[in-house]
Amino acid sequence: MAQLWGGRFTKETDKLVYNFNASISFDQKFFKQDIEGSMAHVKMLAKQKILSEEDKNQILSGLESILADVIDGKLEITNEYEDIHSFVEATLIERIGEAGKKLHTGRSRNDQVALDMKLYTRQEVVALKQLLKDLLEVILTIMEEHTQTYMPGFTHLQKAQPITLAHHMGAYFEMFKRDSLRLHDIYERMNFCPLGSGALAGTTYPLDRKYTAQLLNFYGPTLNSMDSVADRDYVIELLSALSTIMMHLSRFSEEIIIWNSNEYHFVEIDDAYSTGSSIMPQKKNPDIAELVRGKTGRVYGALMSILTTMKGIPLAYNKDMQEDKELTFDAIDTVKGCIALFTGMLKTLKFNKDVMKRSAMKGFTNATDAADYLVNHGVPFRDAHGIIGKLVLYCIDQNKAIDELSLDELKAISPVFEQDIYEAVSLETCVNKRMTIGAPGPDAMKEVIHINRKYLSL
Ligand code: ARG
């Protein structure tokens with residue numbers, strides 16, 4: 001058991017207490033950030049003449065050797081240390097002796113851990129944004145290819161009006177674009193450096209916090225030392241954004257599961273992204289989509305957990321906050337995996353265009369347009385609605401689509417119908433006529449695709 005704080009104690013820590021308290025099993029995940037933060041701290045101490053150039057150089061080369069050896073697997077991070085901070089400091093002292101004992105001058109583990117967690121999550125925000133960008137690229141490519149691929153649009157999971165695949169995909173593009181912008185906002189708000197806040201009240205050393213912040217690529221130092229060590233808002237914001245990403249992925253997964261079902265058969269999931277059954281030889285299951293949907297609960301759980309943990313903590317640092325790590329790491333890894341797998345599944349998804357089109361033609365998705373036809377010929381909308389209702393009933397009885405009826409049959413229901421009704425309610429017309437920005441008409445879609453192409457190229 002290696003601890004940094006034995007001086008005041010007369011008894012050994014109970015083994016169970018030690019294990020309960022220790023965080024090395026999980027905070028070793030940010031060993032790189034811990035070392036990077038220490039390097040910046042030491043450079044600042046030397047610049048301020050708090051540390052000699054010689055001590056600085058010894059410490060820096062010691063830290064570099066630790067970093068390299070951990071990466072190469074020559075040095076193992078073991079449970080013998082309480083946390084990653086103790087591991088790095090103890091190993092440094094072991095390697096370079098006296099100078100190593102000066103590393104922690106003007107620093108507390110409270111501002112140190114606040115920095116490590118920020119550096120780690122900041123890096124992951126960037127990685128997550130890139131993964132979302134890859135997903136957006138796949139969605140936009142599908143949109144470009146399918147501005148004329150007709151399908152039914154649904155409300156209440158009932159066929160409503162015809163749309164295109166490009167239009168449906170475009171909805172998800174907007175969702176993931178907002179997710180990406182949310183990550184951007186979080187980055188902007190979190191990117192201030194807590195190091196130099198000490199345990200809670202700053203330090204008496206003449207630290208140059210602006211310089212440390214600059215070395216670590218922050219916009220500047222945080223402005224209140226108590227808040228600096230007690231703030232986990234950025235973790236909450238990140239987990240909230242991750243929960244929203246999972247909610248979007250889960251809805252998309254649910255649609256793919258429905259579309260991939262035997263009844264719909266709109267899409268076929270590639271073999272590489274499906275699994276079989278151990279007993280039913282005919283099965284090809286959408287397990288990846290189901291797992292993405294399932295893992296959503298886990299990420300929501302992380303958000304609820306940290307919100308609950310933080311709600312009763314008085315200022316400033318309290319050990320409760322150590323609980324932020326495992327769940328944040330797990331949520332980040334889960335979401336990264338889900339986005340990457342989902343992107344692969346979507347990229348290889350086969351769309352059965354004919355099935356989609358047939359489905360849009362059956363199910364009266366052009367009923368609104370048929371009513372609009374009557375309105376354009378002088379029938380008040382409410383009456384038109386009633387007439388088309390009757391027409392639909394007749395069609396159901398005859399097992400026909402509206403455009404499969406003869407003009408005589410149509411005229412028997414309303415004499416207003418003329419030959420041009422067929423053109424007016426064709427799938428192509430129904431979609432093409434919806435030309436306002438945001439609607440499925442191919443020209444409107446192309447404009448949106450152009451805007452989004454530009455967004456992705458930034
Ligand atoms: N492992 C601790 C954490 O994650 C590091 C900070 C420890 N500070 C302290 N005063 N015990 O929060």
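About the cut-offs
- Residues numbered from 1 in each chain as written.
- Predicted model: local features only at pLDDT ≥ 70, side-chain atom pairs only at ≥ 80, totals over all residues.
- Heavy atoms only, no water.
- Core = buried A, V, L, I, M, F, W, Y, C linked by side-chain atoms within 4.5 Å.
- Buried < 20%, exposed > 50% of the residue type's maximum accessible area, 1.4 Å probe, protein only.
- Helix = DSSP H or I, 4+ residues; strand = E, 2+ residues; numbered from the N terminus.
- Contact = heavy atoms within 4.5 Å.
- Near = heavy atom within 4 Å.
- Polar contact = N/O pair within 3.5 Å; in protein donor to acceptor, adjacent residues only side chain to side chain.
- Areas by Shrake-Rupley, 256 points an atom, 1.4 Å probe, with all protein chains shown as cover.
- Phe/Tyr/Trp six-rings, centres within 6.5 Å; stacked < 30°, edge-to-face > 60°.
- Lys NZ or Arg CZ within 6 Å of the ring centre and 35° of its normal.

A. A look at the nonpolar core. Ranked by internal contacts, the top residues of the largest apolar core, which has 97 residues, are Phe87, Ile139, Leu242, Leu249 and Leu346. Sort the elements by how many residues they give to this core and helix H10 (residues 233-259) lands first, with 15 residues. Beyond its immediate stretch of four places on either side in the chain, Leu242 contacts Leu128, Val299, Ala331, Ile332 and Val335. By size, the runner-up hydrophobic cluster in this structure holds 20 residues, among which are Ala367, Ala384, Ile388 and Leu391.

B. A look at the site of the ligand. Taken together, Ser23, His85, Arg109, Asn110, Val113, Tyr317, Lys319, Gln322 and Lys325 are the residues near the ligand. The side chain of Asn110 places a nitrogen or oxygen atom 2.9 Å from a nitrogen atom of the ligand. Gln322 is positioned such that a nitrogen or oxygen atom in its side chain is 2.7 Å from a nitrogen atom of the ligand. Compared with its free state, where it exposes 340 Å², the ligand has 85% of that area covered by protein.

C. The arrangement of the packing of aromatic side chains in detail. Using the criterion set out here, one finds 10 aromatic pairs in the structure. Seen from their ring centres, Trp259 and Phe266 are 6.2 Å apart, and the 45° between their planes marks the pair as tilted. With respect to class, Trp259 is no different from Phe266; both count as buried. Members of the aromatic cluster, each reached through a chain of ring pairs, are Phe154, Trp259, Tyr264 and Phe266. One cation-aromatic arrangement involves Lys118 over Tyr234; the distance from NZ or CZ to the ring centre is 5.3 Å. When the ring centre of Phe218 is taken as origin, the NZ or CZ atom of Arg122, which lies over that ring, is 4.5 Å away.

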